[in-house]
Amino acid sequence: MAARKLPLALLFAGLVATGVAARAQVEAAKAADDCEAAVTEAVKRTRGKDAQDVQFVKSRRALTPSAEDETSLKGEGRYRGPGGRIVPFSYGCALNTKTGATSGVVFRELAAATDEKPFQPDLTNVSVSDCEGAAVASLKSKNPRAGNIVLDSETRQLRPAQDERIALEGRGAFERAPGMNSAPFTYRCELEPRSGRIVSVQTSL
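Because the structure is a prediction, the values reported are computed rather than measured. (Residues numbered from 1 in each chain as written. Predicted model: local features only at pLDDT ≥ 70, side-chain atom pairs only at ≥ 80, totals over all residues. Heavy atoms only, no water.)

Asker: Please clarify how the state of the cysteines should be interpreted in this entry.
Answerer: Think of a disulfide as a covalent bridge from one cysteine sulfur atom to another cysteine sulfur atom. Per the counting criterion, the structure on display carries two disulfides. What pairs with Cys35 in a disulfide is Cys93, and their sulfur atoms sit 1.8 Å apart. Taken together, the residues span a long stretch of sequence, with Cys35 in helix α1 (residues 2–47) and Cys93 in strand β4 (residues 86–96) at a distance of 58 residues. Judged by relative accessible area, Cys35 falls into the buried class, the value being 0%. Shown here is the disulfide that connects Cys131 with Cys189, its sulfur atoms set 1.3 Å apart. In this structure, the disulfide formed by Cys131 and Cys189 twists by about -75° around the S-S bond and is classed as left-handed. Here Cys131, found in helix α2 (residues 128–142), pairs with Cys189, found in strand β8 (residues 182–191); they are 58 residues apart in sequence, far enough to count as distant. Comparing Cys131 with Cys189, the two get one shared label, buried. (Disulfide = S-S within 2.5 Å. Helix = DSSP H or I, 4+ residues; strand = E, 2+ residues; numbered from the N terminus. Buried < 20%, exposed > 50% of the residue type's maximum accessible area, 1.4 Å probe, protein only.)

Structure below.
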């Protein structure tokens with residue numbers, strides 16, 4: 001009788017262990033999905049309309065316990081940029097296994113392995129200074145007390161935009177009010193290449 005109970009006990013223990021492992025896998029997959037949802041929000045918040053169809057490479061996920069109730073996730077993904085260009089990126093975030101909260105969300109764009117030629121628009125009728133002047137005016141309209149606005153020319157980037165427009169993006173810094181520490185900001189304006197007309201201007205802190 002005792003000999004019969006022993007295999008049953010071992011079978012029960014095996015089923016319990018299998019159930020625990022399966023539940024752990026489900027929880028890990030959900031945590032990874034939550035992290036990637038937070039990364040998607042970060043990509044769209046940072047790149048705006050330039051980021052479409054954000055996708056993740058499930059086989060590149062790597063979950064690593066980093067603390068008692070915290071696990072870090074790293075992986076890779078991609079999104080479709082202006083003109084259909086595929087932009088690959090790596091990402092990471094921390095997950096609280098008790099609360100399900102995510103934190104420390106980061107992503108970094110990777111160099112695409114393509115033979116795509118660099119974007120070289122016709123700037124004959126386009127004025128970069130007018131575009132950046134409009135960005136400064138937009139920033140001042142949102143922050144009337146702003147002063148000492150500086151644009152970093154090394155961060156300027158020209159990108160293709162919708163409807164064959166040209167987008168100029170860059171970064172700068174400004175004082176919210178006299179005597180305050182400088183705060184960073186980004187700007188983006190879109191221009192019509194034929195007329196040079198500024199179609200839209202955006203600034204964000």
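Asker: Would you take a moment to explain α2 for this structure?
Answerer: Over its 15 residues, α2 runs 21 Å from end to end, which matches the ideal 21 Å to within 8%, given 1.5 Å per residue. Those residues of α2 that fall on the buried side of the exposure criterion are Cys131, Glu132, Ala135, Ser138 and Leu139. Seen along its axis, α2 keeps its buried residues to an arc of 115°; they face one direction. More than 90 degrees from the buried face of α2, the exposed residues found are Ser129 and Ser141. (Expected span 1.5 Å × (residues − 1). Arc of directions from axis to C-beta.)

Asker: Before we go on, may I ask you to explain the sheet that holds strand β7 (residues 166–175) in this structure?
Answerer: In a beta sheet, neighbouring strands are held together by backbone hydrogen bonds and run either parallel or antiparallel to one another. Taken in spatial order, the four strands line up as β6-β7-β8-β9 in an open sheet, and their pairing is antiparallel. With partners counted over all chains shown, the strands left at the sheet margins are β6 (147–160) and β9 (198–204), one partner each. Neighbouring strand axes in the sheet, compared pairwise and without regard to direction, differ in orientation by 20° on average. In terms of strand pairing, β8 meets β9 through six bridges, oriented antiparallel. Pairing of Cys189 across the sheet is with Val201, part of β9. Packing of α2 onto the sheet brings it into contact with β6, β7, β8 and β9, and relative to β9 it is tilted by some 50°. (Pairing = 2+ DSSP bridges. Axes fitted to C-alpha atoms, helices over the stretch in contact; angles between N-to-C directions. Contact = heavy atoms within 4.5 Å.)

Asker: What is the right way to read the pairing of strand β5 (residues 102–109) from this model?
Answerer: The two faces of a sheet get side chains in turn, since along a regular strand they alternate between them. Summarising the sheet, β4 and β5 pair through six bridges and their orientation is antiparallel. Bridge pairing in β5 links Leu95 to Thr102. Once β4 ends, the chain turns through five residues before running back antiparallel as β5, passing Gly100 with a positive phi of about 80°.

No statement about biological role is implied by the geometric values presented.
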